[in-house]
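Take a look at the letters that make up each chain.
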Amino acid sequence: MTTFAILSAIAGGAIIGLTAALLLLTHNRVAGISGIAAGILPPWTAESGWRACFLAGLILSGPLYRLAGGTITMEINGSVPLMAIAGLLVGYGSRLGGGCTSGHGICGIARLSMRSVVATLVFMLVAGIVVFGVRHGL
Amino acid sequence: MAFNNSNLFKNLLALLLGLAFGLGLIIANMTNPAKVLAFLDVAGDWDPSLAFVMASALLTLAIAQRFIKNSPENLLIQSQSSCDGTQSGIDKNLLLGAATFGTGWGLSGICPGPAFVGLSSGEISSYSFFAAMLLGFMAFNWVNRHH
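Residues numbered from 1 in each chain as written. Chains lettered and ligands numbered in written order. Predicted model: local features only at pLDDT ≥ 70, side-chain atom pairs only at ≥ 80, totals over all residues. Heavy atoms only, no water.

### What to know about the overall build of chain A
How we decide: Each helix is a run of H or I in the DSSP string that is no shorter than four residues. Each strand is a run of E no shorter than two, and both are numbered from the N terminus. Buried residues are those whose accessible area, probed at 1.4 Å on protein chains only, stays under 20% of the maximum for their type, while exposed residues exceed 50% and partly exposed ones sit between those limits. Residue contacts follow a heavy-atom distance rule, with two residues in contact if any of their heavy atoms lie within 4.5 Å.
Each helix and strand in chain A was counted, giving six helices and zero strands. Mapped from its N terminus to its C terminus, chain A presents α and β elements in the order α-α-α-α-α-α. Buried residues in chain A amount to 51% of all 138 residues. Taking contacts inside chain A between residues at least 6 apart in sequence as the whole, the part at least 24 apart equals 29%.

### Considering the overall build of chain B
Threshold: All accessible-area figures derive from a Shrake-Rupley calculation using a 1.4 Å probe, and residue coverage is judged against the displayed protein chains alone.
The helix and strand inventory of chain B stands at six helices and zero strands. Within the span of chain B, comprising 147 residues, buried residues form 50% of the whole. When contacts within chain B are restricted to residue pairs at least 6 apart in sequence, long-range pairs at least 24 apart make up 42% of them. Accessible surface for chain B amounts to roughly 7,200 Å². Of this, 64% is attributable to carbon and sulfur atoms.

### Focus: the nonpolar core
The following threshold applies: For our purposes a nonpolar core is just a set of buried Ala, Val, Leu, Ile, Met, Phe, Trp, Tyr and Cys residues, chained together by side-chain atoms within 4.5 Å.
Within the largest apolar cluster, 69 residues are counted, with the highest numbers of intra-cluster contacts made by A:F54, B:W105 and B:F116. Ranked by residues supplied to this core, first place goes to helix α3 (residues 49–70) of chain B with eight residues. Setting aside its immediate chain neighbours within four residues, B:F116 contacts A:I33, A:A37, A:L55, A:L58, A:I59, B:F130 and B:M133.

### Notes on the packing of helix α2 (residues 33–40) of chain B against helix α4 (residues 92–108) of chain B
All names here are of chain B. For clarity, the threshold we go by: Angles run from 0 to 180 degrees between N-to-C directions of axes, and those axes are lines fitted to C-alpha atoms, restricted for helices to the stretch in contact. Lys, Arg, Asp and Glu make up the charged group, whereas Ala, Val, Leu, Ile, Met, Phe, Trp, Tyr, Cys and Pro make up the nonpolar group; the residues left over, Gly among them, are polar.
The interhelical angle for the contact between α2 and α4, taken along N-to-C directions, is 115 degrees, at an axis separation of 8 Å. Residues P33, V36, L37 and L40 of α2 form the contact with α4, whose own contacting residues are W105, G106 and S108. Counted by class, the contact of α2 with α4 contains five nonpolar, two polar and no charged residues.

### Focus on the interface of chain B and chain A
Test applied: Buried area is a sum: the accessible area each of two parts loses on coming together, probed at 1.4 Å, counted once for each and added. Any carboxyl oxygen of Asp or Glu that lies within 4 Å of a side-chain nitrogen of Lys or Arg is treated as forming a salt bridge with it. A 3.5 Å cut-off defines polar contacts: any pair of N or O atoms within that distance qualifies, except that in protein one atom must be a possible hydrogen donor and the other a possible acceptor, and neighbouring residues in sequence count only when both atoms are side-chain atoms.
Opposite the 106 residues of chain B that make contact, chain A presents 104 residues. Here chain B meets chain A over a buried area of about 9,400 Å², counting both sides, of which 75% is carbon and sulfur. Summed over the three residues of chain B that lose the most area to chain A, namely B:F21, B:L107 and B:F116, the buried surface amounts to 7% of that side. Linking chain B to chain A there are two salt bridges. Between B:D41 and A:R135 there is a salt bridge, with the nearest N and O atoms lying 3.0 Å from each other. Viewed at the interface, chain A and chain B are joined by 14 residue pairs in polar contact (both at pLDDT 80 or more). The set of elements that each furnish at least two residues to the side of chain B that touches chain A consists of α1 (5–27), α2, α3, α4, α5 (112–117) and α6 (124–145) of chain B. For the side of chain B that touches chain A, the leading source of residues is α6(B), giving 17 residues. Of the residues contributing to the side of chain B that touches chain A, the split by class is 60 nonpolar, 37 polar and nine charged.

### Regarding unusual backbone geometry
Here the residue pair A:P42 and A:P43 is connected by a cis peptide bond, since its omega of 0 degrees sits within 30 degrees of zero. Here the phi dihedral of B:N29 falls at roughly 70 degrees; this positive angle occurs in a residue that is not glycine. Within the secondary structure layout, B:N29 lies in the loop between α1 and α2.

### Quick word on the environment of B:A14
Position of B:A14 among the secondary structure elements: in helix α1. A residue is classified by how much of its surface remains accessible, and B:A14, at 0% relative accessible area, is buried. Residues in contact with B:A14, not counting those within four places in the same chain, are A:H27, A:W50, A:C53 and A:F54.

What follows is the structure in structure tokens.
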């Protein structure tokens with residue numbers, strides 16, 4: 001069971017939104033993590049450099065937060081093979097669909113892209129059905 | 001690739017923005033898969049956090065975008081071409097991709113952003129997810145190259 005903390009949800013969301021806006025302003029790019037991440041795999045382009053830097057920052061955010069005295073809770077309830085299957089689906093699916101939670105769910109909807117609205121509705125609905133199936137049985 | 005001050009500056013900025021994005025995810029608790037699954041589990045002990053995170057991020061970005069669009073001195077923008085958001089129309093790939101992504105997301109409670117933050121967790125499940133996600137990206141590139 002998790003507890004609902006509205007202030008941290010709103011504060012964290014605002015930081016994410018502001019970061020996405022700044023990336024748009026400074027790099028003219030959408031803060032879609034799947035697209036940025038896939039961009040550091042070969043074939044490399046001139047864009048691979050800043051993408052690698054952005055992802056390095058993303059990885060370092062955890063250690064930085066802990067260094068500042070914070071604790072990060074990560075409860076994963078799933079076997080290692082199940083997580084591998086899930087990772088494969090997330091990786092392939094986000095590329096095929098042209099985005100993930102950040103690219104479609106936040107950046108796409110913020111610029112009122114119909115594709116992103118539809119994609120977000122589809123992945124939320126499917127994820128909800130999967131969770132229902134796993135937790136409550138179909 | 002030319003390595004000049006402008007590139008160095010852009011890369012440094014990207015690093016800081018990546019840090020900020022990650023801190024946002026951590027503060028919002030979206031790096032905890034249990035929290036994400038609690039949102040997706042509407043029939044269980046529902047936790048609406050994710051909806052508030054998304055709404056807050058969306059609203060902040062939408063407001064900020066208005067200023068960016070109206071800004072006459074957008075000095076840092078160097079290239080105009082964008083590989084993002086140029087596609088239009090709702091096609092089979094969009095629907096199939098979103099459904100595939102949703103299945104993996106529902107099984108794990110992890111999406112690409114938190115997967116990167118999870119690399120510092122020391123949890124073997126996090127690494128398993130991350131490595132498979134990269135394989136998924138590569139599989140997509142491979143399939144695309146052969147079509």
